[in-house]
Structure formats: structure tokens, C-alpha cells
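The residues making up each chain are set out below.
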Protein chains: 2
Amino acid sequence: MNIGEVSERSGLPAKTIRYYEDIGLVRPLRSDNGYRSFREADLHKLAFLGRARTLGFSIEACRTLLGLYEDGSRESAQVKTVAEAHLAEIDVKIAQLRDMRDTLSHLVDACRGDDRPDCPILRDLSGGRD
Amino acid sequence: MNIGEVSERSGLPAKTIRYYEDIGLVRPLRSDNGYRSFREADLHKLAFLGRARTLGFSIEACRTLLGLYEDGSRESAQVKTVAEAHLAEIDVKIAQLRDMRDTLSHLVDACRGDDRPDCPILRDLSGGRD
DNA sequence: ATTGAGCTTCCAGTAACTGGAGGCCTTATC
DNA sequence: GATAAGGCCTCCAGTTACTGGAAGCTCAAT
């Protein structure tokens, strides 16, 4: 398979696939003409990576997961540990965003949004010194 | 004021303050010895930026907000528009993270996390082909 | 005179790609 | 056989918002 077909079947841009090869996540063969030549297993890996990325796993976490995926003697506890760590990160991010959201939505609600300069949003940002 | 004092009073690292000067968000004076010399107004701007950043505004949004802050003839509608756009982005991010969280927490719950290789998380990532 | 802290600039690196330039390879058409 | 289109190649630069570090000047105190 050439990169175009793999791109289509995995849903990943060709650029991204080349990048993943650069950083050692996949190692496709090469044809005589220099083109990358992907096996089914490479495609599966890339699809795996795409899915893991949509779940928000970092590239390094993906590398770990891929290693476990390919290691028949893994313990599921290892996988679970990685996933739980990521879940905890997601929770932190959500909490941070919610804090921002709460503060910001109060400010937005308080702002009349008309043609006058008076603005609670700017007042808040300026530390009330205004 | 030298950068150290401004850093302490604004809560921003000196590195960040220099960076903000680089990209034109503040323009401190210079002393004869080459040191940056900050006025109170510069400190206020930096504190403003720090606060806006904690609310998640991008640097470019901060630049816009700072411009409005300094423009006595602004209309609060302009500020509100920027804030609402940012609020919408936050909502999108929260929704994405929640989706990830939901999927991932189901998978984590389904994984026994013991010494056996069988793992629903990997099964999901591999597209069920496992 | 010599520390040590504080300041300066400049370069490189982070995360995970993405865009673009310049240039082969392949296939089809005239 | 020439040519054009499209796919592929590599390499370089840019993105966001900083952060770390090196080499070196300045200042205050000893």
C-alpha cells in the first residue's frame, strides 16, 4: 500500500503518517522507487494511533500503548494505569476550563455590550483599578 | 522599576515579560545601563495580561483587549464580542473533553487491570480487531 | 578586587503537526 | 516520444506561548 491509500483507510493525513514514521511510531518498508510501502499491520497501528489521539492521549502515551498493544504478555493493569493517568489529566483540564467559563460568563452577562465604554470585563481584567 | 520587581508584583516570570515586550505587548523604557525600566502603567498592563491569560484568552485576543482597555472611546460591545467568542471556544473544548472523558472512563471501568493481557481499552483502540 | 545577584541578548527546544517549495515517479493521452 | 496530471519524495519553516540555558555586562556589598 502507498501512503495515499493508508491515509484514506486510516483517516490520518499523509503528512501525519510521515511524521509518525519520523518519530518512530511506524516503520513502513520502502519500494524500489523510494515510496513507502505499508503492510496491513502498519495500517492497523496507524488506525490505533488515530483512535488513541482522538481520545486525547499524548504521542508518548500512544507510544506506550502501542508497545503494550504489541506485547502479547502485557498485563492489563499497565494499560489501565496509563488510561487512568490520562483520565485524571482530562479531569484537571475540564475543571480549569469550567472555572474559566464560570468567571467569564458572569463577566459577559454583566457587560451591556452597547456603544458606551463602560465595561465590567475590562474592569475585572484591570484588577478593578478603573 | 526593574524587571524583577515587575515580575514579583505582576506575578509573571521575567522571561514572560521579556517575551511580551518582544511581541509588542508592552514597551518599557530603558535605563542608561540597558536595563528595562517599567512605569506603573506598564505594570498595570502586565497584570491585565496575566489575568486575561488565566481566563484563557489567546495572546492575540489579549492584544485586542489591551487595545480596547487603552482606548477610552471603545464600545463595550467590542469587548463583549471578543469575550463571547472566547466563551464559545471554551464551550467547544469542554464538550470535546467531556466526550473523551466519557468514552475513556467507560473503557477504564471495563478493564480489570490485573496481570492478564486481556484488555478492553486496547481492544477499543485497535478497532475491535483483536 | 572579588563575589553574588540581577540584568542583558541570543539560540534552542517544547507538542504535534501543517504548509509549501522543488523535484522525482507513474500513468494516461496525444 | 512528448507532455500533463497526480502521487510521492525530502527538507525547511511556521504554528502557540512560552521556557531553559549559555555567555556576558552591571551593581551592591565586602
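Keep in mind that what you see is a predicted model, and the values were worked out from it rather than measured.

J.: Would you mind going over the domain arrangement of chain A with me for this structure?
T.: When the parts come together, some accessible area is lost, and that loss is often what is quoted as the size of the interface. Residue and element names in this part refer to chain A. As far as domains go, chain A holds domain 1 (1-74) and domain 2 (78-130). Each partner contributes to the interface: domain 1 provides eight residues, whereas domain 2 provides six residues. Taking both partners together, domain 1 and domain 2 bury about 540 Å²; carbon and sulfur atoms supply 80% of that area. Three residues stand out in domain 1 for area buried against domain 2, namely Phe 57, Leu 65 and Leu 68, and they jointly supply 61% of the buried area on that side. In this assembly, domain 1 and domain 2 are joined by zero salt bridges. Our count for the domain 1 to domain 2 interface comes out at three residue pairs in polar contact (both at pLDDT 80 or more). Split into classes, the residues belonging to the side of domain 1 that touches domain 2 amount to five nonpolar, two polar and one charged.

J.: Sorry, what's going on with the protein's contact with DNA strand C here?
T.: Looking at DNA strand C, there are 19 residues lining it, with A:Lys15, A:Tyr20, A:Arg53, B:Tyr35 and B:Arg36 nearest. The protein-proximal atoms of DNA strand C, defined as those within 4 Å of the protein, are 66% sugar or phosphate. Here A:Tyr20 contributes a side-chain N or O atom positioned 2.6 Å from a phosphate oxygen of DNA strand C. The contact in question runs from a phosphate oxygen of DNA strand C to an N or O atom on the backbone of B:Arg36, over 2.6 Å. Only α2 (14-22) of chain A together with α1 (3-10) and α2 (14-22) of chain B provide two or more residues apiece to the surface near DNA strand C. At four residues, the largest contribution of residues to the surface near DNA strand C is made by α2(A). Partitioned by chemical class, the residues of the surface near DNA strand C number seven nonpolar, six polar and six charged.

J.: Sorry if this is basic, but what is going on with the protein's contact with DNA strand D here?
T.: Contacts to DNA strand D come from 19 residues, most closely from A:Tyr35, A:Arg36, B:Lys15, B:Tyr20 and B:Arg53. Near-protein atoms of DNA strand D (within 4 Å) split between backbone and bases, with sugar and phosphate holding 68%. Interatomic distance of 2.7 Å between a side-chain N/O atom of B:Arg53 and a phosphate oxygen of DNA strand D. Of all the secondary structure elements, the ones that give two or more residues to the surface near DNA strand D are α1 (3-10) and α2 of chain A together with α2 of chain B. Sort the elements by how many residues they give to the surface near DNA strand D and α2(B) lands first, with four residues.

J.: Honestly, the relation of the copies chain A and chain B in this entry has me stumped. Any pointers?
T.: Rotating chain A by 180° and moving it 0.0 Å along the rotation axis overlays it on chain B with an RMSD of 0.0 Å. What the rotation and shift describe, once combined, is the action of a two-fold rotation axis. Taking the C-alpha atom as reference, chain A places A:Ile94 closest to the rotation axis, 3.0 Å from it. Of all interface residues in chain A, 100% are interface residues in chain B too; the two copies therefore contact each other through one and the same surface.

Quick notes on the rules
- Residues numbered from 1 in each chain as written.
- Chains lettered and ligands numbered in written order.
- Predicted model: local features only at pLDDT ≥ 70, side-chain atom pairs only at ≥ 80, totals over all residues.
- Heavy atoms only, no water.
- Domains from an automatic or database assignment.
- Contact = heavy atoms within 4.5 Å.
- Buried area = accessible area lost by both parts, 1.4 Å probe.
- Salt bridge = Lys/Arg side-chain N within 4 Å of Asp/Glu carboxyl O.
- Polar contact = N/O pair within 3.5 Å; in protein donor to acceptor, adjacent residues only side chain to side chain.
- Nonpolar A, V, L, I, M, F, W, Y, C, P; charged D, E, K, R; others polar.
- Near = heavy atom within 4 Å.
- Helix = DSSP H or I, 4+ residues; strand = E, 2+ residues; numbered from the N terminus.
- Least-squares fit on C-alpha atoms with pLDDT ≥ 70 in both.

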